[in-house]
Structure formats: C-alpha cells, structure tokens
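Each chain is listed here by its residues.
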Amino acid sequence: MIARLQTSLDSLTDDEESRAHFSAVFYTGLFAEHPLYRSLFPAGMESQGHRFFRAIEFVVKNLPQHRRIRKFLTQLGRDHRRYGVEREHYEAAGVALERAVRSMYGTSAHSRYKWTQELEDAWSQFTDLVVSTMADGAESDTTPALWGATVVSHERVLDDLAIVRLEADPPIPYGAGQYVGVQIPQRPKMWRYYSPAIPTNPFGQLEFHIRKVSGGWVSPAIVSETNVGDRWVMSTPLGGLEVDFTSDRDVLMIGSGTGIAPLRAQVMEMSQRAHNPRVHLFVGGRYPCDLYDLETLWHISLSNPWLTVVPVSEEPENPWWHNGPVLEPPFGMHSRLIGPIGKVVSQFGSWADRQVQISGSPSMIKTTVYALRAGGTPLDQIRHDPLY
C-alpha cells in the first residue's frame, strides 16, 4: 500500500504546476461542498495550498516510519485547533482529498494513468489514518489552542533579517527544536511557522530569527514593520527535531541561515545538562554575513567541549551591497569552509554513525539529504521538518 501511494503521488504531482493544481482541486471541492469552511482560511490561498501539499507529501513519503508519522499527525491535529476545527471538518477534508486524487487521474495531463480499485483502497486507508489521527490528537489535548505574546525587542541584524524577542503569557510549553504557528497583527489570518531560537523557560521568553522572503507577506512585515508592544498569537508547538539521549550515537546538526534556530535552541538546552553526546554543528549561509549568530554559538562551545561549531559559506566574500565587514570565525574556532553546505559536510566522509538533523530552506534540505545519502548516511537516521 505504501509503495502504491508513493508512486501515485509522485506520478500525479511531478512538477510545481501539478502540485498547485492538486491543492486547488482539493480546496475547490471542499469549499463547494461546505461553503462555510472558506471563512476558516485566509483570503489568499497560494501559501495555504503549498503547505497543504507539502504536509501530504511528507506523510506519504515517511509512512514506513509509522511512529514518526503518527506523532506528526497528532501534533498537526492539535495545531488545527486554532481554526476551531472539529472532527466533522477532518472527515469532510478526507472526502475532498480522495476526490481530488481521483479527479487528477481524469485529467488529460494524467490520462495515461488508470484509477484502480487498489488505488482507491490505498487512498481510502491513507485518508482514514490522517483523519482519525488528527481528530484524536485534537480531542485529546487539554492545553490552550492559542497563546498570546508581546514583542519586547526588535533587532535588525541584516537588511533582510531581524531577531524578535517576545514574552508569552502564559509560557508556551514547546520542546527545543520545535516550531510554532505565528500570526502577527499586520497580517491577520496569515499563519507562518517559525522555530524559537532559545529553549522554553518559566518567564515565557521567546526569540525568533526571521528572514525576509522575497514576495512573501508575513516575513517582510515582521522584518520591516514590527514594533515593540505588538501582540502576536501563537499555536501549538509542532515538529520532531530532538536529540535521542538514550542512543549511543553522537549528533550531526546542519543549519543554514535562520534554519540554525531550532539547532541553537537544542544546544542551549543541552548546555544545561551534565552529560551529552558529541555534537558537530555546521552553520552555513550563502555569504559570510549570513553567519550572523556565529559568535553566540562559539561562546556556547567554549564552555561545552562536546560541541564543535564549523562555519561554512558558499561565497568567500560578502556581496557588494553589504555594508558590514566580512565575518570571520572568532579565534579558536574552526576556519570558515567554502562551498554548498551539503557538499562540504559530505566531504568529511560518511556520517552513518550519527543522529542527523538538518534545518534550512527546502532546497538546502533536499540537496543536503542527497549529499549525505550519496556519502553513505542512511536515510532513516536523517531528520528534518516538513518542507513547508
């Protein structure tokens, strides 16, 4: 069944246009059957459709890791409480998903593929799994669906990157390495996922590293328009990036740009433990200036000998429009390596004996996973969040 689902999804959505069409067919069918559901979603559906497909793709491709997928779907159901979603909404979405898949087989672009009873049974079992696990997860959660937080600091580190600090009331019980849904007052009903860059604490303090996405709606507003005193809304923590302390394996962490946030939170939390596995943390960016938090990570490594930080940049120098100096590693840290981070890490040989975490842009994660697998690292030892 798993192989059939994976082949089916790959054949129907082999490019960005077909993926967007698949999401559009799903939402069109859902809203046609249930017009009132439209009010649960933002006016612009492009980003929503993208995240929907990526979530489906993540579940289908990771079905062999049953426990991991059940955990993800349970968290996703808890997260959807922010919309006021009930079991009936999930059941309607399950029906719409099956119809969307079936209708894709009827289009001229996919006329060479045949809809069979075996495919119908496979997709029916899949939607049953998704619907029941998400609904059960939502109904079993007694914690708040939403948290409020106040912006207490907004620091523009680069022209397109800001560090935002907030205080939540009450504190949000997230695990270091997780991410949360964020809604800002400048963009109501538009939710985006961001990872706190520090561990949870009893004071409710949060820190987010936000980079402006070209053509985006939310991240440019956070970088350019956020003010101290703004009230943000956040939803249930999600994600499965964590170190398995029961394992005898050491850890490889690879982060690029603001993708270092969930890795940074974990090593900060680990610094409070007496015993830790060895951690190699590769910190990357396109230009040296993208290694904006290198000094913080270096200070953590100074007092924690289990942590090794290796800076990497694709280009040896900053672009002409960057006004700051070329950022070099502090004295005593590994020299900065040059090249795509995945290629650089794989040049050290196989990391088959490590727990591996990767965090960054979707393209960075895909190329890094490919490079690690080519170097002999088993796929089941590599962890990353869904490629939203």
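See above for the structure.
These numbers come from a predicted model, not from an experiment. (Residues numbered from 1 in each chain as written. Predicted model: local features only at pLDDT ≥ 70, side-chain atom pairs only at ≥ 80, totals over all residues. Heavy atoms only, no water.)

## Quick notes on the packing of helix α1 (residues 2–12) against helix α5 (residues 87–105)
Heads up, the condition is: For every element, the axis is a line fit to its C-alpha atoms; helices are fit only across the contacting stretch, and the angle between N-to-C directions ranges from 0 to 180 degrees. Segments assigned H or I by DSSP are reported as helices when at least four residues long, segments assigned E as strands when at least two residues long, and all are numbered from the N terminus. In these notes the angle categories are as follows: under 35 degrees is roughly parallel, over 145 is roughly antiparallel, 65 to 115 is roughly perpendicular, and the rest is oblique. By the definition used in this description, the sense in which the near helix is turned from the far one sets the handedness, with an anticlockwise turn below a right angle giving left-handed and a clockwise turn giving right-handed. Any two residues whose heavy atoms approach within 4.5 Å at even a single point are treated as in contact. Ten residue types, Ala, Val, Leu, Ile, Met, Phe, Trp, Tyr, Cys and Pro, are classed as nonpolar, four, Asp, Glu, Lys and Arg, as charged, and the remainder, Gly among them, as polar.
Closest axis-to-axis distance for the α1/α5 pair is 11 Å, and the angle between their directions is 60°. By the angle between their axes, α1 is oblique relative to α5. For the pair α1 and α5, the sense of crossing is left-handed. In this structure, α1 contributes Ser8, Ser11 and Leu12 to the contact, and α5 contributes Val101, Met104 and Tyr105. Classifying every residue of the contact of α1 with α5 by side-chain character gives four nonpolar, two polar and no charged.

## Comments concerning unusual backbone geometry
Glycine aside, the phi torsion of most residues is negative, and most peptide linkages are trans. Quick note on the threshold: Note on exposure labels: buried denotes an accessible area under 20% of the residue type's maximum, exposed denotes more than 50%, and partly exposed covers the range between, all computed with a 1.4 Å probe on protein chains only.
Asp169 connects to Pro170 through a cis peptide bond whose omega is -5°. Assignment of secondary structure puts Pro170 in the loop between β2 (161–169) and β3 (180–183). Unusually for a residue other than glycine, Lys189 sits at a positive phi of about 70°. For Lys189, the position within the fold is in the loop between β3 and β4 (192–194). Look at Lys189 and you get partly exposed, because its relative accessible area is 43%.

## Focus on a negative patch on the surface
To be explicit about the condition: Patch construction takes residues with relative accessible area above 30% that form no salt bridge. Like charges are linked within 9 Å, and nonpolar side chains (Val, Leu, Ile, Met, Phe, Trp, Tyr) are linked within 5 Å. Surface accessibility follows the Shrake-Rupley procedure with a 1.4 Å probe radius. Residue values consider only the protein chains on display as shielding. Definition used for salt bridges: Asp or Glu carboxyl oxygen within 4 Å of a side-chain nitrogen of Lys or Arg. Positive charges come from Lys and Arg alone, negative charges from Asp and Glu alone, with His and the N- and C-terminal ends not counted. For the purpose of locating charges, the reference atoms are NZ of Lys, CZ of Arg, CG of Asp and CD of Glu.
There is a patch of like negative charges on the surface, built from Asp10, Asp14, Asp15 and Glu17. Tracing the backbone shows Asp14 in the loop between α1 and α2 (16–33). The partly exposed category is assigned to Asp14, whose relative accessible area is 48%.

## Quick look at the nonpolar core
We count it as follows: Note on terminology: a nonpolar core comprises buried Ala, Val, Leu, Ile, Met, Phe, Trp, Tyr and Cys residues joined through side-chain atoms within 4.5 Å.
Judged by nonpolar contacts, the single largest core of 48 residues is most densely connected at Leu166, Leu206, Phe208, Trp232 and Met234. The biggest single contributor to this core is β2, with six residues. Core analysis: the second largest hydrophobic core is formed by 46 residues, Leu9, Leu12, Leu129 and Tyr179 among them.

## What about the pairing of β3?
Within a regular strand, side chains alternate between the sheet's two faces. This is how it is decided: Pairs of strands are assigned from DSSP output, requiring at least two bridges between the strands.
Across the two faces of β3 the burial is the same, with Val180 and Val182 and Gly181 and Gln183 all buried. Summarising the sheet, β3 and β4 pair through three bridges and their orientation is antiparallel. The residue of β4 that forms the bridge with Val180 is Tyr194. Note that β3 and strand β6 (residues 231–235) share two bridges and pair antiparallel. Bridge assignment links Gln183 to a residue of β6, and that residue is Val233.

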